Structures are given as C-alpha cells and as structure tokens.
Amino acid sequence: MGIREIYNRHYSSKNRVDDLSFKFLRKIFKRFDVNRYDDAINMINGIGKKNSVLDIGCGGGYLLTKLVDCFDVLKGIDVSDVAINNSNEEIKNLTQIELSVQNADMGLSFSDETFDCVVSLAVIEHVIDVFGVLKEINRVLKPGGYLVVSVPNIAYVKHRVRLLFGKLPVTSSIYNW
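The rules behind the values
- Residues numbered from 1 in each chain as written.
- Predicted model: local features only at pLDDT ≥ 70, side-chain atom pairs only at ≥ 80, totals over all residues.
- Heavy atoms only, no water.
- Core = buried A, V, L, I, M, F, W, Y, C linked by side-chain atoms within 4.5 Å.
- Buried < 20%, exposed > 50% of the residue type's maximum accessible area, 1.4 Å probe, protein only.
- Helix = DSSP H or I, 4+ residues; strand = E, 2+ residues; numbered from the N terminus.
- Pairing = 2+ DSSP bridges.
- Axes fitted to C-alpha atoms, helices over the stretch in contact; angles between N-to-C directions.
- Contact = heavy atoms within 4.5 Å.
- Arc of directions from axis to C-beta.

Caption draft 1: Summary view of the nonpolar core. One finds Ile44, Leu67, Phe71, Leu74 and Val119 to be the most contacted residues of the largest nonpolar core, which totals 22 residues. Taken together, the elements giving at least two residues each to this core come down to α3 (36-45), α4 (62-66), β2 (71-78), β3 (97-101) and β4 (115-121). Among the elements that line this core, the one with the most residues is α3, at four residues. Counting residues in each nonpolar core, the second largest holds 15 residues, with Ala104, Val127, Val133 and Leu141 among its members.

In structure tokens:
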C-alpha cells in the first residue's frame, strides 16, 4: 500500500482515533490549549499582506480559508485526493484558493521563487526525504519569503500521561488535548 492509499484510507475513515481518551484531564487543561492553525495564522498575520502562499499538506484547505485576507493567491497541496475532494463548499466558492493532489516527496510542480510564504503544519514528520522536501520548499519560496512549519511535540505532558497509562499518544489532532 502506497502513501496516497494510506492517507486516502485515513481521510475516508469514520472510525478515527479518539484523542480525548482522558476527558477528565481535558477539562483541567483545556484552558492551555494551543491550536496549530491559530498559531500559524497569528504568525502569518504578523508579516502583513503578501501575494502568494502554499500550504503543504492542506487536507481539505481549512487553513487557506483563514488566510484569504492575507494573500491574493492561495494554493494547497495534499497527497490525498480524498482530502482534496472532501473540501467543503466554502473552499469551492473561494476562487483565489486552488487545491491539488501532489506528493511533496516527489517534488513540487511550481516554478522557482513562486511563493511569499510556505506553510507545513504537522506534515514534515510524515515525509520520507525531509531534506529533499526542504530543498523544494526553498526552491519555490521567494527570496526573503517566510516558512511556517510545525511538528507534534511528543514530550507534551498529555502524551506523557497517555504513555503512563499504557496508551500511545495521538499527535495528529489540531489540539494538544
């Protein structure tokens, strides 16, 4: 089974892992929630209006909908055609957003120095050739452009608690709890 099939199966599944298995701890720590999308949006808003952004691993394009006021051209790629096809009506009505199926490990189909900003949230840990993908990002990023990357923090207290109780941490939720 290839990487595309794995992610298509994931996005098609109705039986995703419940990352709220310790609901009592969720109630205690909810006020400390950090949402990776909100953090990225805040960082990007701080750089001011720019022309173009690329979201690598965009899923259904949620982040791009939140960035329409920051960029004129918004492009998103994901390895899963299921994720792209499941994008909601809001995306389909925003003409400045373009989603396409691409595997960043196979190179990016954009010209050199195309984007003012490239975003990759909780994706880089899934690619096979991290350095190759980073070289491609550097190639499509304009000089002086911005790169926003996040990776899950396996040492986060919630994950340590899950391990203490014999459960493997779920790091693919947009929330830490």
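So that's the structure; there's more coming.
Caption draft 2: Local environment of the sheet that holds strand β1 (residues 50-56). Read from one edge to the other, the open sheet built from five strands follows the order β3-β2-β1-β4-β5, with strand pairing classed as parallel. Of all strands in the sheet, those bounded by a partner on one side alone are β3 and β5 (141-150). When the angles between neighbouring strand axes are averaged without regard to direction, this sheet yields 20°. Of the strand pairs in this sheet, β2 and β3 are connected by five bridges, and their pairing is parallel. Considered in β3, the bridge of Leu74 is made with Ile97. In this fold α3 packs onto β2, β4 and β5, with an angle of close to 160° to the strand it touches most, β4. Strand contacts of helix α7 (residues 130-140): β1, β4 and β5, with the helix running at about 140° to β5, the strand carrying the most contacts.

Caption draft 3: Geometry of α3. Of all the positions in α3, only Arg36, Tyr37, Ala40, Ile41 and Ile44 are classed as buried. One face of α3 carries all of its buried residues, which in axial projection span an arc of 135°. Opposite the packed face of α3, turned more than 90 degrees from it, sit the exposed residues Asn42 and Met43. At its buried positions, α3 is contacted by α4, β2, β4 and β5.

Note that every value here comes from positions in space, so none of it alone points to a role or purpose.
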